[in-house]
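# Examination of the molecular architecture
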Amino acid sequence: MAELRALVGVKRVIDFAVKIRVKPDKSGVVTDGVKHSMNPFCEIAVEEAVRLKEKKLVKEVIAVSCGPSQCQETIRTALAMGADRGIHVEVPAAEAERLGPLQVARVLAKLAEKEKVNLVLLGKQAIDDDCNQTGQMTAGLLDWPQGTFASQVTLEGDKLKVEREIDGGLETIRLKLPAVVTADLRLNEPRYATLPNIMGAEVQSLGTGLQLELPWARLGEAERGLRQPLSQSSHVQKAKKKKIEVIKAGDLGVDLTSKISVVSVEDPPQRTAGVKVETTEDLVAKLREVGRI
Amino acid sequence: MATLEVGNRTIGFLLDTGITYSVLTSFPADVCLVVGVDGNPRYLLDNPDVVRGRSVLDIGSGCGATAIAAKMSGASRILANDIDPIAGLAITLNCELNKLDPVPILTRNILNLEQDKWELVVLGDMFYDEDLADSLHQWLKNCFWTYGTRVLIGDPGRPQFSGHNIQHQLHKVVEYSLPEPTRQENNGLTTSTVWDFRP
């Protein structure tokens, strides 16, 4: 029954709870020493892939991430959540900063073909750049149909029924496999994989203890409700049974050069004080005064 | 003390190392139990005839669940093999916890040693890596053809296993649904199957 194979892209981003600081030279935001984690929408994509695997509709889930060595932590999180193996497309840190959706889409498209997957599952966008392009570009490069902003995914034989969250409400479409799907917030609620375990325990000598940190809060907790963390180091042990293959973009014949360069990154303008008026007449007068009407 | 529910039996377990790397929490408080995804322990406990009076080799013993199940079901001779020395410790402790005499343990890579005659060889979740799968396949074929050994393989549905050539030589014995705590400890896995290897 389960003959489908899924490729899930996972991006390592600055953790949603971190207060972002712009670098003094305006070249970007401060990332050194800053807490990073898996992009929340990528978590949702991984969760959906694992659920399909648990329903025996998907036989293998491959997690892929592009970037420097720290990406392997993100891949390990995916493995601990239930992905079967990982692929780390190694890109040195400086070059990784210039990686955009088009470059990643090229990598994913090549990998999708190489690994002969039937389904590419991605988050709808990353919370650092908000691009919302990678899934669409990947589908375009592969010439595969796409179901973006998915809030529900159902397999119907060789077709995928995708319910999409759009401005007007919900749109349901049917895609022929193979296909690309991008996950929206309400697709599912991801299971936990506590961070210390994912950090990859080294082999420890007998008798030494392991310090476990408390699991951290999640995006939209008010919306999603508190989630129960799963048990401790069992996951890193299971995750260790799963391989992470390390390759370079060049191995896939992918060119990572970008025609986009960042000009500057600045803080949004400080919010200035508003003006209070007493009556409607005052309001209209004020609006005329500043040329709004 | 953490327990492992196997069928309708409860076996006390201290520690399951799982694989090559393991993390130990400080003894004796708060032990970490990882419940296995191998159906062999349950199959042997439910079907003691399979091992009663027979010699059993458990390859990739981990916490020793299968070896202990074999002992409980009356195997005459048992060897628990795992290259992880911590697994060796876990197996000994788990024998003690289950009030059994310690089973002999071998921590060398059995694939590199001369083959011994065994009536039954069991493997649990050992086909997660293609290269290891190939080596094991070869070794098991030799064992089968040389000694007429019965080989039972337990697997929770690893893609590397279901995609391996060995599939053509397997006969399904039984499929178990993994209990909820096991599913939570092993994301993505829902069942475990015991296979009979007949090349």
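As recorded in an unreviewed UniProt entry, chain B goes by the name Electron transfer flavoprotein beta subunit lysine methyltransferase, listed as coming from Sciurus carolinensis. A UniProt comment under Catalytic activity (unreviewed entry) is attached to chain B, and it reads "L-lysyl-[protein] + 3 S-adenosyl-L-methionine = N(6),N(6),N(6)-trimethyl-L-lysyl-[protein] + 3 S-adenosyl-L-homocysteine + 3 H(+)". Turning to chain B, the UniProt annotation filed under Subunit (unreviewed entry) states: "Interacts with HSPD1; this protein may possibly be a methylation substrate."

As annotated in an unreviewed UniProt entry, chain A is Electron transfer flavoprotein subunit beta from Sciurus carolinensis. You can read under Sequence similarities (unreviewed entry) in the UniProt record for chain A the words "Belongs to the ETF beta-subunit/FixA family." You can read under Subcellular location (unreviewed entry) in the UniProt record for chain A the words "Mitochondrion matrix".

If you tally the helices and strands in chain B, you get six helices and nine strands. The buried share among the 199 residues of chain B stands at 56%. Long-range contacts, defined as pairs at least 24 residues apart, comprise 67% of the intrachain contacts of chain B with a sequence gap of at least 6. Taken as a whole, chain B presents about 8300 Å² of accessible surface, with 48% of it coming from carbon and sulfur.

Once that is clear, we can look at the sheet that holds strand E6 (residues 120–124) of chain B. Pairing in this open sheet of seven strands is mixed, and the strands run E5-E4-E3-E6-E7-E9-E8 (chain B) from one edge to the other. At either end of the open sheet lies a strand with only one pairing partner, and these are strand E5 (105–106) and strand E8 (170–177) of chain B.

Residue and element names in this part refer to chain B. Taken as a whole, this structure holds four aromatic pairs over all chains when the rule is applied. Aromatic side chains Phe144 and Trp145 sit 5.2 Å apart centroid to centroid with 90 degrees between the ring planes, which places their arrangement in the edge-to-face category. For Trp145, a relative accessible area of 59% gives the class exposed. Three or more aromatic residues joined by ring pairs make a cluster, and in this case those are Phe127, Phe161 and Trp195. Directly above the ring of Trp118 sits Arg77, whose terminal nitrogen or CZ lies 4.0 Å from the centroid.

With that out of the way, let us pick up the pattern of salt bridges. For the structure on display, the rule yields 26 salt bridges over all chains. For Arg158(B), the salt bridge is made with Asp125(B), and the minimal N-O distance between the two is 2.7 Å. Within this pair, whereas Arg158(B) is found in the loop between strand E7 (150–155) and helix H5 (159–162), its partner Asp125(B) is found in the loop between E6 and helix H4 (130–147), the two being separated by 33 residues in sequence. Each member of the pair, Arg158(B) together with Asp125(B), is buried. Members of the salt-bridge network, linked through shared partners, are Arg5(A), Glu60(A), Arg85(A) and Glu115(A).

About the cut-offs
Residues numbered from 1 in each chain as written. Chains lettered and ligands numbered in written order. Predicted model: local features only at pLDDT ≥ 70, side-chain atom pairs only at ≥ 80, totals over all residues. Heavy atoms only, no water. UniProt positions renumbered as here; feature names shortened; annotations may be inferred. Helix = DSSP H or I, 4+ residues; strand = E, 2+ residues; numbered from the N terminus. Buried < 20%, exposed > 50% of the residue type's maximum accessible area, 1.4 Å probe, protein only. Contact = heavy atoms within 4.5 Å. Areas by Shrake-Rupley, 256 points an atom, 1.4 Å probe, with all protein chains shown as cover. Pairing = 2+ DSSP bridges. Phe/Tyr/Trp six-rings, centres within 6.5 Å; stacked < 30°, edge-to-face > 60°. Lys NZ or Arg CZ within 6 Å of the ring centre and 35° of its normal. Salt bridge = Lys/Arg side-chain N within 4 Å of Asp/Glu carboxyl O.

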